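Observations on the three-dimensional arrangement
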Amino acid sequence: MSSEPNHNRQKNHKALTKKQKEAIRRKKRQRKIILLIVEILVVLILAIALFLISKLGKIERQEVPLENIEVNEGISEESKEIMKSYTTIALFGLDNRSNGNLSKGRSDVIMIANINNDTKEVKLCSVFRDSYLDTGDGSFKKCNAAYAKGGPEQAIKMLNKNLDLDIEKFATVDFAAISETIDFNAVVECVDLLGGITLDEVTDEEAVLMQGYMDEINKLTKNNSKYLSGGGTNVTLDGVQACAYARIRYTKGDDYKRAERQRTVLAAMVAKAQKSDLVTINKLIDAVFGDIQTSFSNADLVALAAQVFNYKLGETSGFPFNHGSTTLGSKGSVVVPCTLESNVIELHQFLFGDEEYTPSDTVLANSKKIINDTGMNEGSGYR
């Protein structure tokens, strides 16, 4: 009598054990699948990391210690807080890239890129290279001399000291499109990789003036780009044509208009790159990363790159807004801010929307010095 219940209990035990074993097997399979997925993700992350490191390794590093970055005293706490909401970067383009040295030479191009950290809007402002400013060490001359004197560190000091900025990061680029003496291959290649860029308008005068520059660039880059038949709207330019357009200076507006053309070409390149596929982006990286020096770390660059398709290019302008020109002996022909004080107020309104900004004592002193040296005040300038 008692053996039957024992037999049933053994059967139930065996049946329960099979279910448990099947459940255990299912859990093991699930764990293996999860582990496989995790392993695949890890491999993908490592592959992406290795790819980025291989690309970022092409960029030349130039550390600028934060303790060497000078910011003017006397900037209001309110203005400082507003500036913290932006990432402000100094961009330099040198005129001696053919020497293979990105740490020396006069900066043929000086730009301020200002990123709104909330909206991701990017504003660009050219600083005219012949602007008569304190070059960062108390000597007043053309501001592009700062880079030649002390590399990017002194050039950043020059911008912070004259403009009440708090720039910490920089990038020096072979802006070949906008230099007189350097190798043009990088920008020509980039524009051509993008399939050309489209400009809203090219005038008949500009189309004619481009021809001489195109002859030179074609020869240097071994291209055979053709002249434009004339001006027009929605004009697509290839690499050589874009370089030539950006170099034009002999029209109304002289170097000021040239700086505007530089920003126009850069803006068109950025807009086109944001619409490009990953294969094209990779080719662009290979083309330009070897011609960049920066103080950004790899982590900084990856963080910026993660937002690249969210950035929107906003307004562009040139500094000084109100300016004149004069010749100062051995210092040559200079661009004069009329006045530095009023121009810096306008700059903070343009870059940061700061309507309450008031210049520091350093900017006020520099403004008075420039007026004394040049004899030019606010009424002497034009836009």
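Residues numbered from 1 in each chain as written. Predicted model: local features only at pLDDT ≥ 70, side-chain atom pairs only at ≥ 80, totals over all residues. Heavy atoms only, no water.

1. Some points on the overall build of the protein
In terms of helices and strands, the protein carries 11 helices and 13 strands. Residues classed as buried in the protein amount to 45% of the 383 residues present. The long-range share in the protein, meaning contacts at least 24 apart out of those at least 6 apart in sequence, stands at 71%. (Helix = DSSP H or I, 4+ residues; strand = E, 2+ residues; numbered from the N terminus. Buried < 20%, exposed > 50% of the residue type's maximum accessible area, 1.4 Å probe, protein only. Contact = heavy atoms within 4.5 Å.)

2. Side note on the side chain of D130
Inspection of the secondary structure assignment puts D130 in the loop between strand 4 (121-127) and strand 5 (132-134). Although D130 is buried, it makes no salt bridge; K142 carries the closest opposite charge, 4.0 Å away. If we ignore the near neighbours within four places in the chain, the residues touching D130 are K142, S333, V334 and V335. (Lys, Arg positive; Asp, Glu negative; His and termini not counted. Salt bridge = Lys/Arg side-chain N within 4 Å of Asp/Glu carboxyl O.)

3. What to know about the nonpolar core
Grouped together as the largest cluster of nonpolar side chains are 42 residues, with contacts concentrated most on F92, V127, L159, L163, F319 and L351. Put simply, the parts of the chain that give this core at least two residues each are strand 2 (86-94), strand 3 (107-116), strand 4, strand 5, helix 3 (145-163), strand 13 (333-337), helix 10 (340-352) and helix 11 (361-374). Looking at this core element by element, the count peaks at 7 residues for helix 3. Sequence-distant contacts of L163, that is, excluding residues within four places in its chain, are made with I112, V127, F319, V344, L347 and H348. Counting residues in hydrophobic clusters, the runner-up holds 28 residues, among them V202, I217, A244 and M269. (Core = buried A, V, L, I, M, F, W, Y, C linked by side-chain atoms within 4.5 Å.)

4. With respect to the packing of aromatic side chains
Scanning the model with the defined rule gives 6 aromatic pairs in all. Here the aromatic rings of F92 and F170 are separated by 6.5 Å at their centres, their planes lie at 45°, and the arrangement is tilted. With F92 in strand 2 and F170 in strand 7 (residues 169-173), this pair connects stretches of sequence that are 78 residues apart. Among the residues examined, F92 registers a relative accessible area of 0% and is labelled buried. Relative to F321, the ring of F319 has its centre 6.0 Å away and its plane inclined at 85°; by these criteria the two rings are edge-to-face. Here F319 and F321 have matching classes, each one buried. Of the aromatic side chains, those joined through ring pairs into one cluster are F92, Y147 and F170. (Phe/Tyr/Trp six-rings, centres within 6.5 Å; stacked < 30°, edge-to-face > 60°.)

5. Topic: the state of the cysteines
Counted according to the given criterion, the structure contains 0 disulfides. Sulfur of C190: no disulfide; nearest cysteine sulfur belongs to C243 and is 9.5 Å away. (Disulfide = S-S within 2.5 Å.)

6. Considering the pattern of salt bridges
A full pass over the atoms with the stated rule returns 12 salt bridges. Ionic pairing is found between D134 and K161, a salt bridge with its closest N-O pair at 3.0 Å. Of the two residues, D134 sits in strand 5 while K161 sits in helix 3, which places them 27 residues apart along the sequence. Judged by relative accessible area, which is 22%, K161 ranks as partly exposed.

7. Some remarks on unusual backbone geometry
For the bond running from F319 to P320, omega is 0°, close enough to zero to count as cis. Examined against the element boundaries, P320 turns out to sit in the loop between strand 11 (312-319) and strand 12 (323-327). Residues C338 and T339 are joined by a peptide bond in cis, for which omega reads -10°. In this structure, T339 sits in the loop between strand 13 and helix 10. In this structure, N234 takes a positive phi of about 50° despite not being glycine. Within the secondary structure layout, N234 lies in strand 9 (residues 232-237). Overall, the relative accessible area of 57% leaves N234 in the exposed class.

8. A few points about the pairing of strand 4
Burial analysis of strand 4 places 6 of its 7 residues in the buried class, which makes it a mostly covered element. By the bridge criterion, 6 bridges tie strand 4 to strand 11 in an arrangement that is parallel. What sits directly across from E121, in strand 11, is K312. (Pairing = 2+ DSSP bridges.)

9. As for the confidence of the model for the protein
With 77% of its residues at a pLDDT of 70 or more, the protein shows a mean pLDDT of 82. The model gives residues 175-183 a pLDDT under 50, and that stretch makes 39 contacts with residues more than four places away or in other chains. (pLDDT = per-residue confidence, 0-100.)

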